Amino acid sequence: IVVQSLAPGERTVLVERGTDARYVPTGHLLYAFGDTLFGVAFDVETLTVRGGAVPLVPELLRGARPDQRAAANYDVGADGTLVYLTGRAEAAARTLVWVDRAGREEPIRVPPRAYIYAALSPDSGRLALDIRDQENDIWIFDLAREALQRLTFEPGLNRYPVWAPDGRRVAFSGRFEGASEQIYWQAWDGTGSPEALTRDLATAFVSAFTPDGAAVLAHNRFPPRDVWV
């Protein structure tokens, strides 16, 4: 959170990593950090914060995204009245369908869950599923047996699966133990442990494999939004 004069270049950082700041007539700044609303004294003459921040509202609603980057659901009226929503938004339960070129839908017999992204294996026999409930993991659905099997078990967010061309492994973006999101891959049947393909990218997402399976294309979600091989 910064204070910036209308004159070019005059900018001062007030709060690191905070979002959704509001100034209130009591001489304070309100802002969100994670899922908590904080307040801190703000001097309008010197344009500086004073003292430490005080938590005001815990479990401020930030949307269903696990990384908590959604906008904070609060605002302040002209008379200083605070309005806010608390709690956690849950991703909606969905089902999966096949859709043909004429637009006809055929249900896939999976249990209703928070499916976000589905990737079909090269032999069309399995789906790698990004499911945003419970532990936010990658699951494998066998279309013939109609069986759902969990692939990833590590703490943190695992998402956006992509099959290797030979169908033996699934690559995905994962955040393990608080680290930035990197690209991992693992055997589709869950044997072995996830292997890191990247280590020092800033929030990396896998886009595709090259046809020979020797390399992956990756991109950054945040600036600079570059493409990597």
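Summarised in this report is the structure supplied together with it. (Residues numbered from 1 in each chain as written. Predicted model: local features only at pLDDT ≥ 70, side-chain atom pairs only at ≥ 80, totals over all residues. Heavy atoms only, no water.)

A word on the sheet that holds strand E17 (residues 182-187)
Turning to step 1, where the next piece is worked out: In spatial order, the strands read E15-E16-E17-E18; together these four strands make up an open sheet with antiparallel pairing. Two strands in the sheet have a free side with no partner beyond their single neighbour: strand E15 (158-163) and strand E18 (195-196). (Pairing = 2+ DSSP bridges. Helix = DSSP H or I, 4+ residues; strand = E, 2+ residues; numbered from the N terminus.)

As for unusual backbone geometry
Turning to step 1, where the next piece is worked out: Despite not being glycine, Glu59 shows a phi value in the positive range, around 55°.
Turning to step 2, where the next piece is worked out: Position of Glu59 among the secondary structure elements: in the loop between strand E6 (48-57) and strand E7 (74-76).
Turning to step 3, where the next piece is worked out: The phi dihedral of Ser124 is positive, around 65°, even though this residue is not glycine.
Turning to step 4, where the next piece is worked out: Mapped onto the elements of the fold, Ser124 is located in the loop between strand E11 (115-120) and strand E12 (126-131).

As for the packing of aromatic side chains
Turning to step 1, where the next piece is worked out: Evaluated as defined, the whole model comprises six aromatic pairs.
Turning to step 2, where the next piece is worked out: Measuring from ring centre to ring centre gives 6.2 Å for Phe172 and Tyr184, while their planes differ by 25°; the resulting arrangement is stacked. Of this pair, Phe172 sits in strand E16 (residues 169-174) while Tyr184 sits in strand E17; the two residues are twelve residues apart in sequence, bridging distant segments of the chain. Side by side, Phe172 and Tyr184 carry an identical accessibility label, which is buried.
Turning to step 3, where the next piece is worked out: Here Trp185 and Phe209 contribute two aromatic rings whose centre-to-centre distance is 6.2 Å and whose plane-to-plane angle is 25°, an arrangement assigned as stacked. You can see Trp185 sitting in strand E17 and its partner Phe209 sitting in strand E19 (residues 204-209), a full 24 residues away along the chain.
Turning to step 4, where the next piece is worked out: Of the aromatic side chains, those joined through ring pairs into one cluster are Tyr117, Tyr160 and Phe205.
Turning to step 5, where the next piece is worked out: Sitting above the plane of the Tyr160 ring, Arg132 keeps its charged end 5.5 Å from the centroid. (Phe/Tyr/Trp six-rings, centres within 6.5 Å; stacked < 30°, edge-to-face > 60°. Buried < 20%, exposed > 50% of the residue type's maximum accessible area, 1.4 Å probe, protein only. Lys NZ or Arg CZ within 6 Å of the ring centre and 35° of its normal.)

Quick word on the nonpolar core
Turning to step 1, where the next piece is worked out: Ranked by size, the top nonpolar core spans eleven residues in total: Val162, Ala164, Ala171, Ile183, Trp185, Leu201, Ala204, Val206, Phe209, Val216 and Ala218.
Turning to step 2, where the next piece is worked out: When sequence neighbours within four positions are dropped, the list of residues in contact with Ala204 reads Ser173, Glu181, Gln182, Ile183, Thr198 and His219. (Core = buried A, V, L, I, M, F, W, Y, C linked by side-chain atoms within 4.5 Å. Contact = heavy atoms within 4.5 Å.)

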